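# Descriptive analysis of the structure
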Amino acid sequence: MLPGRPEPPIATLLGGRLLALDTTAGTLAAEYEATAAFLNPAGTVQGGMLAAMLDDLCAAVVDARAGEGGGGVVTLTLNLSFLAPARPGPLQGRSVIVGGGRSICYVEAVLAQAGTEVARATACCRVIGSRAG
C-alpha cells in the first residue's frame, strides 16, 4: 500500500488503497473494500477482518515513518473496540502515531463506513531489522 514498496498480499486481500500519507505528522488515510467473503453468519463483516484492516493501518503508518532504511514492522499489541456493524463495501481508515520513538511507536486507528465509525484500535508497533542490503 505504501509508495515505492512491494504490495503485501494482505493489502490485496483487504482491498487496501492509500489515500493520503504525511510522514512528518505521522498520519495515514486508506480505503479498504469489504467483500461478501468477509461476512459472518449475521451478514456483517467479521471482526477479524476489521482487526486486520486496523492492524494494517497501524503498521503502515509506522512503516512509512521508518522510511527506506527501516526494517519491517511488527505489531506488539493491538487493542480493538467494535462500535457498529460493517457491511460489504468501502471502509475508510485513518491512523496516527501518537507517541514513541524510532523503534517503538504508539498508534491510534479508526475505520468508518458511510460516515459511521465501525471500529477503533490502539497499537504498539516495533520497527525491526533493516531493509538495507
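So, here's what we can say about the structure. All of these numbers come straight from a predicted model, not from anything done at the bench. The residue numbering used here restarts from 1 in each chain and proceeds along that chain's sequence as written. Restriction of local features to residues with pLDDT of at least 70 applies here, the model being predicted, together with a cutoff of 80 or more for giving and counting side-chain atom pairs; totals for whole chains, interfaces and linings are based on all residues. Calculated side-chain values reflect all of the structure's heavy atoms, with hydrogen atoms and water omitted.

### Structural notes on the side chain of Q113
The residue Q113 is located in strand β5 (residues 104-113) in this model. Within polar-contact distance, the side chain of Q113 engages the backbone oxygen of R87 at 2.7 Å. In this analysis, two residues are considered to be in contact whenever any of their non-hydrogen atoms come within 4.5 Å of each other. Apart from the residues within four sequence positions on either side, Q113 is in contact with P85, A86, R87, P88, G89, P90, L91, Q92 and V118. Starting at the N terminus, helices and strands are each numbered in turn, a helix being any DSSP run of H or I of at least four residues and a strand any DSSP run of E of at least two. Distance and chemistry together define a polar contact, namely a pair of N or O atoms within 3.5 Å, with one atom able to donate a hydrogen and the other to accept it when in protein, and with adjacent residues in sequence counting only for side-chain atoms on both sides.

### A look at the layout of surface pockets
Using only the protein atoms, space was sampled on a 1 Å grid; points where a 1.4 Å probe fits but cannot get out form cavities, open sets with protein on both sides within 12 Å along at least five of seven lines form pockets, and lining residues are those with an atom within 4 Å of a point. Grid points are joined across faces, edges and corners, and a volume is the space filled by probe spheres set on the points. By volume, the largest pocket amounts to about 330 Å³. Going through the elements one at a time, α2 (47-66) and β3 (72-82) are the ones with two or more residues in the lining of the largest pocket. Taken together, the residues of the lining of the largest pocket break down into nine nonpolar, two polar and five charged. Quantified by volume, the second largest pocket comes out at close to 150 Å³. A per-element tally of the lining of the second largest pocket places α2 first, with three residues. Its residues assigned to classes, the lining of the second largest pocket shows four nonpolar, one polar and two charged. As a working rule, the residues Ala, Val, Leu, Ile, Met, Phe, Trp, Tyr, Cys and Pro are called nonpolar, Asp, Glu, Lys and Arg charged, and the rest polar, with Gly in that last group.

### Re unusual backbone geometry
Despite not being glycine, A114 shows a phi value in the positive range, around 50°. Turning to its location among the elements, A114 is positioned in the loop between β5 and β6 (116-128).

### Some details on the sheet that holds β6
Two strands qualify as a pair provided DSSP detects at least 2 bridges between them. Taken in spatial order, the six strands line up as β1-β2-β4-β5-β6-β3 in an open sheet, and their pairing is antiparallel. Each edge of the sheet is formed by a strand with only one pairing partner; in this case those strands are β1 (17-22) and β3. Strand-to-strand, the axes of this sheet are offset by a mean angle of 20°, without reference to chain direction. Sheet analysis places strand β4 (residues 89-100) next to β5, joined by eight bridges and oriented antiparallel. In the strand pairing of β5, S95 is matched with A109. Only the contacting stretch of a helix is used when fitting its axis, a line to C-alpha atoms as for every element, and angles between N-to-C directions run 0 to 180 degrees. Lying over the sheet, α2 contacts β1, β2 (27-34), β3, β4, β5 and β6, oriented at roughly 135° with respect to β5.

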